[in-house]
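Chain by chain, the residues run as shown.
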Amino acid sequence: MTDLDAIDRQLLRALSRDATRPAADLGRELGLSQPATWRRIRRLREIGALKGRRLDLDAAALGFGVTVFLGIKLASRGRASLEDFERAVCAIREVQTVEHVLGLYDYRLRVVARDLEDFERVLRRRIMTLPGIGPVEANVLLSEERLPGPL
């Protein structure tokens, strides 16, 4: 890993709050010129510290009022079944994240739906028919107290 100095860290914090800010704006905040700010941003991308820009959408405002976390244990083991499962689950648009985890379950999914009836439809027709699916545990999100932020 490349060493990051204090200004790099401040720049990363500022970009994590709002990645759309102009370099001149960021530079003024950090005491840098616009070209120096752009060079730092380019270097941070080159070393992999910046992976891209994200747009955070409000699921509830877009009509997705239910978020469910699923713990999934696969019924069959083997590399082929993992790849088949991952390919199939990633094709389900309601599945927002797919995490291969170590522990009680093999995968953890974040699923959004319009309401519980819609979630049940997705669960029965799409998720429970996935290749290699075994036991599934669902946890409905009640509230999010803290969203992912800067590292």
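Just above sits the structure.
Bear in mind the structure is a predicted one, so any value in this text is a computation, not a measurement.

Visitor: An account of the packing of helix α2 (residues 23–30) against helix α3 (residues 34–46) is requested, with residue identities and associated values reported.
Guide: With their axes 8 Å apart at the nearest point, α2 and α3 run at an angle of 100 degrees to one another. Relative to α3, the element α2 is oriented roughly perpendicular. Packed against α2, whose contacting residues are Ala 23, Ala 24, Leu 26 and Gly 27, the element α3 presents Gln 34, Thr 37, Trp 38 and Ile 41 at the interface. Of the residues assigned to the contact of α2 with α3, the class counts are 5 nonpolar, 3 polar and no charged.

Visitor: So what's going on with the sheet that holds strand β3 (residues 107–113)? Residues and values would help.
Guide: The 4 strands are arranged β2-β3-β1-β4 in an open sheet whose pairing can be described as antiparallel. Each having just a single partner strand, β2 (95–100) and β4 (133–140) make up the two edges of the open sheet. Strand-to-strand twist in this sheet, taken as the mean axis angle between neighbours without regard to direction, amounts to 20 degrees. Pairing analysis gives 6 bridges linking strand β1 (residues 66–74) to β4, with the strands arranged antiparallel. If you follow Leu 74 over to β4, its bridge partner there is Ile 133. Against the sheet, helix α5 (residues 116–127) contacts β1, β3 and β4, and its axis sits at roughly 25 degrees relative to β1.

Visitor: Kindly report on the pattern of salt bridges, identifying the contributing residues and their values.
Guide: One pass over the structure, following the stated rule, counts 15 salt bridges. Of the charged contacts in the structure, one is a salt bridge between Arg 28 and Asp 25, with a shortest N-O distance of 3.2 Å. In this pair, Arg 28 and Asp 25 both sit in helix α2, 3 residues apart, roughly one turn of the helix. Judged by relative accessible area, which is 30%, Asp 25 ranks as partly exposed. Across the pair Glu 120 and Arg 124 runs a salt bridge, and its minimum N-O distance is 2.9 Å. Here the residue Glu 120 and the residue Arg 124 both occupy positions in helix α5, the gap between them amounting to 4 residues, near one helical turn. Residue class for Arg 124 comes out exposed when judged on its relative accessible area of 58%.

Visitor: Could you give me a rundown of α2, with the residues and numbers involved?
Guide: All of the buried residues along α2 are Ala 23, Leu 26, Gly 27 and Leu 30. The buried residues of α2 occupy an angular sector of 100 degrees when projected down its axis, which confines them to one face. Contacts made by the buried residues of α2 are with α1 (6–17) and α3. Of the residues trailing α2, Gly 31 is marked for its positive phi of about 75 degrees.

Visitor: Give a description of α5 that names residues and reports values.
Guide: Among all positions in α5, only Asp 118, Phe 119, Val 122, Leu 123 and Ile 127 are buried. One face of α5 carries all of its buried residues, which in axial projection span an arc of 140 degrees. Opposite the packed face of α5, turned more than 90 degrees from it, sit the exposed residues Glu 117, Arg 124 and Arg 125. Residue Asp 115 occupies the N-cap position of α5, its side-chain oxygen lying 3.2 Å from the main-chain nitrogen of Glu 117.

Visitor: Now, about the packing of α1 against α2: what can you tell me, with residues and values included?
Guide: For the pair α1 and α2, interaxial distance at closest approach is 11 Å and the crossing angle is 130 degrees. In this view, α1 runs oblique relative to α2, as classed from their interaxial angle. Note on packing geometry: the crossing formed by α1 with α2 is right-handed. Seen from α1, the contacting residues are Ile 7, Gln 10, Leu 11, Ala 14, Leu 15 and Arg 17; seen from α2, they are Leu 26, Glu 29 and Leu 30.

Basis of the calculations
- Residues numbered from 1 in each chain as written.
- Predicted model: local features only at pLDDT ≥ 70, side-chain atom pairs only at ≥ 80, totals over all residues.
- Heavy atoms only, no water.
- Axes fitted to C-alpha atoms, helices over the stretch in contact; angles between N-to-C directions.
- Helix = DSSP H or I, 4+ residues; strand = E, 2+ residues; numbered from the N terminus.
- Parallel < 35°, antiparallel > 145°, perpendicular 65-115°, else oblique.
- Contact = heavy atoms within 4.5 Å.
- Nonpolar A, V, L, I, M, F, W, Y, C, P; charged D, E, K, R; others polar.
- Pairing = 2+ DSSP bridges.
- Salt bridge = Lys/Arg side-chain N within 4 Å of Asp/Glu carboxyl O.
- Buried < 20%, exposed > 50% of the residue type's maximum accessible area, 1.4 Å probe, protein only.
- Arc of directions from axis to C-beta.
- Polar contact = N/O pair within 3.5 Å; in protein donor to acceptor, adjacent residues only side chain to side chain.
- Left-handed = near helix turned anticlockwise from the far one by under 90°.

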